[in-house]
Amino acid sequence: PRPSPQAHAVDWQRALLTHLKVPSRTNWEWIPRRQAAAEQLGREFPEMDRNRWIGLQPGARWDNKRWPVARFVELIRLLSRSHPGHRIAVFGGPDDRFLGQSLAAADPGRCLDLTGRLSLPGMIEALRCVDLLVTNDTGPMHVAAALGKPVVALFGPTDPSQTGPYGQVEFVQRAEQPPACAPCLKPVCHHSEPLACLNRITAIQVATAVAGRLVSV
């Protein structure tokens, strides 16, 4: 049984080891480097090794877990002014190509659109190159957390205490005044103000969180 409703999914599943009397430890490398994938990434995108990067992950399986594209565009413009030494890498699968193109168009000289251009191992190695990832609640968020990368995660309908970036839940960004239904844990929004739980997260709020996390990088 889950220890409590707020128990993180990782801790809940690792508790099975304790139940089976199997030693459980945390001092391992969660995702070892894939040398072949890293070398291929270097050949296809050599700029990844020559620049400092902030990653953006605008997609998610549920539409109502996606922070609006317009907010991501606004965030890119804010980061261009506040962090001129960083370039922007946009992550996502083939279904996210439109999102990637829209974000890259906000600052073509600084943005690298990687949507639909990486294998799963390639995505992992590209995330290893970023200083920080701004992300919706989706798979690459968990990969970045497992790699030990600072994560600024945007949560609306889901519960970060259960499925937030492991070890970094305190850095999750939620609306300062969320609707009473959040987190609803539902894939479709039924609120009278559609996606209010995400739309009320401002770009300035996220940019401030990014600045705070990059201080220690």
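Refer to the structure above for everything that follows.
Residues numbered from 1 in each chain as written. Predicted model: local features only at pLDDT ≥ 70, side-chain atom pairs only at ≥ 80, totals over all residues. Heavy atoms only, no water.

1. Observations concerning the pairing of strand β1 (residues 52-57)
The element β1 is largely enclosed, with a buried count of five among its six residues. The pairing of β1 with strand β2 (residues 86-90) spans five bridges and is classified as parallel. The residue bridging Leu56 from the neighbouring strand is Val90, located in β2. Taken together, β1, helix α3 (residues 69-82) and β2 constitute a β-α-β crossover, and its handedness is right-handed. Where β1 meets strand β4 (residues 132-136), four bridges bridge the pair, whose relative direction is parallel. Bridge pairing in β4 places Ile54 opposite Leu132. (Buried < 20%, exposed > 50% of the residue type's maximum accessible area, 1.4 Å probe, protein only. Helix = DSSP H or I, 4+ residues; strand = E, 2+ residues; numbered from the N terminus. Pairing = 2+ DSSP bridges. Right-handed = clockwise from strand over helix to strand, strands pointing away.)

2. What to know about the pattern of salt bridges
Evaluated as defined, the whole model comprises eight salt bridges. Between Arg52 and Asp131 there is a salt bridge, and its shortest N-O distance comes to 2.9 Å. Here Arg52, found in strand β1, pairs with Asp131, found in the loop between α5 (120-127) and β4; they are 79 residues apart in sequence, far enough to count as distant. Residue classification places Arg52 among the partly exposed residues on the basis of a relative accessible area of 41%. Within this structure, Arg33, Glu125 and Arg128 form a network of salt bridges that share partners. (Salt bridge = Lys/Arg side-chain N within 4 Å of Asp/Glu carboxyl O.)

3. Some points on α5
For α5, a buried count of six out of eight residues is recorded, marking the element as mostly surrounded by other parts of the structure. Residues of α5 that are buried make contact with α2 (35-44), β4 and α6 (139-146). Of the residues flanking the start of α5, the one acting as N-cap is Ser119, its side-chain oxygen 3.0 Å from the backbone nitrogen of Gly122. (Contact = heavy atoms within 4.5 Å. Polar contact = N/O pair within 3.5 Å; in protein donor to acceptor, adjacent residues only side chain to side chain.)

4. Considering a nonpolar patch on the surface
A grouping of Leu16, Leu17, Leu20 and Val22 is seen on the molecular surface, where their side chains present a nonpolar patch of about 330 Å² in accessible area. For Leu17, the location among the structural elements is in helix α1 (residues 9-19). Leu17 sits in the partly exposed class, given a relative accessible area of 30%. (Patch = residues over 30% accessible without salt bridge, like charges linked within 9 Å, V, L, I, M, F, W, Y side chains within 5 Å. Areas by Shrake-Rupley, 256 points an atom, 1.4 Å probe, with all protein chains shown as cover.)

5. Quick notes on the sheet that holds β1
Reading across the sheet, the five strands line up as β3-β2-β1-β4-β5 and stay open at both edges, with parallel pairing between neighbours. Each of the sheet's edge strands pairs with one partner strand only, and the pair in question is β3 (111-113) and β5 (151-154). Taking each pair of neighbouring strands and ignoring which way they run, the sheet shows an average axis angle of 20 degrees. Sheet strands in contact with α3 are β1, β2, β3, β4 and β5, and its direction is about 165 degrees off that of β1. (Axes fitted to C-alpha atoms, helices over the stretch in contact; angles between N-to-C directions.)

6. Digging into the packing of aromatic side chains
Following the criterion strictly, the structure yields two aromatic pairs and no others. Considering the side-chain rings of Trp30 and Tyr166, the 6.1 Å spacing of their centres and the 55 degrees angle between planes classify their relative orientation as tilted. Of this pair, Trp30 sits in the loop between α1 and α2 while Tyr166 sits in the loop between α7 (160-163) and α8 (196-199), placing them 136 residues apart in sequence. Taking the relative accessible area as the measure of exposure, Trp30 reaches 37% and is therefore partly exposed. What makes Tyr166 partly exposed here is its relative accessible area of 26%. Between Trp67 and Phe72 the ring centres are 4.9 Å apart and the planes differ by 75 degrees, which places this aromatic pair in the edge-to-face class. Both residues of the pair, Trp67 and Phe72, count as buried. Residue placement shows Lys65 over the ring face of Trp62; its charged tip is 5.0 Å from the ring centre. The ring of Phe171 carries the charged tip of Arg213 above its face, separated from the ring centre by 3.5 Å. (Phe/Tyr/Trp six-rings, centres within 6.5 Å; stacked < 30°, edge-to-face > 60°. Lys NZ or Arg CZ within 6 Å of the ring centre and 35° of its normal.)

7. Some remarks on the packing of α2 against α5
Where α2 contacts α5, the axes come no closer than 9 Å and their chain directions differ by 75 degrees. One finds that α2 runs roughly perpendicular with respect to α5. Residues Ala37, Ala38 and Leu41 of α2 form the contact with α5, whose own contacting residues are Pro121, Gly122, Glu125 and Ala126. Split by residue class, the contact of α2 with α5 holds five nonpolar, one polar and one charged. (Parallel < 35°, antiparallel > 145°, perpendicular 65-115°, else oblique. Nonpolar A, V, L, I, M, F, W, Y, C, P; charged D, E, K, R; others polar.)

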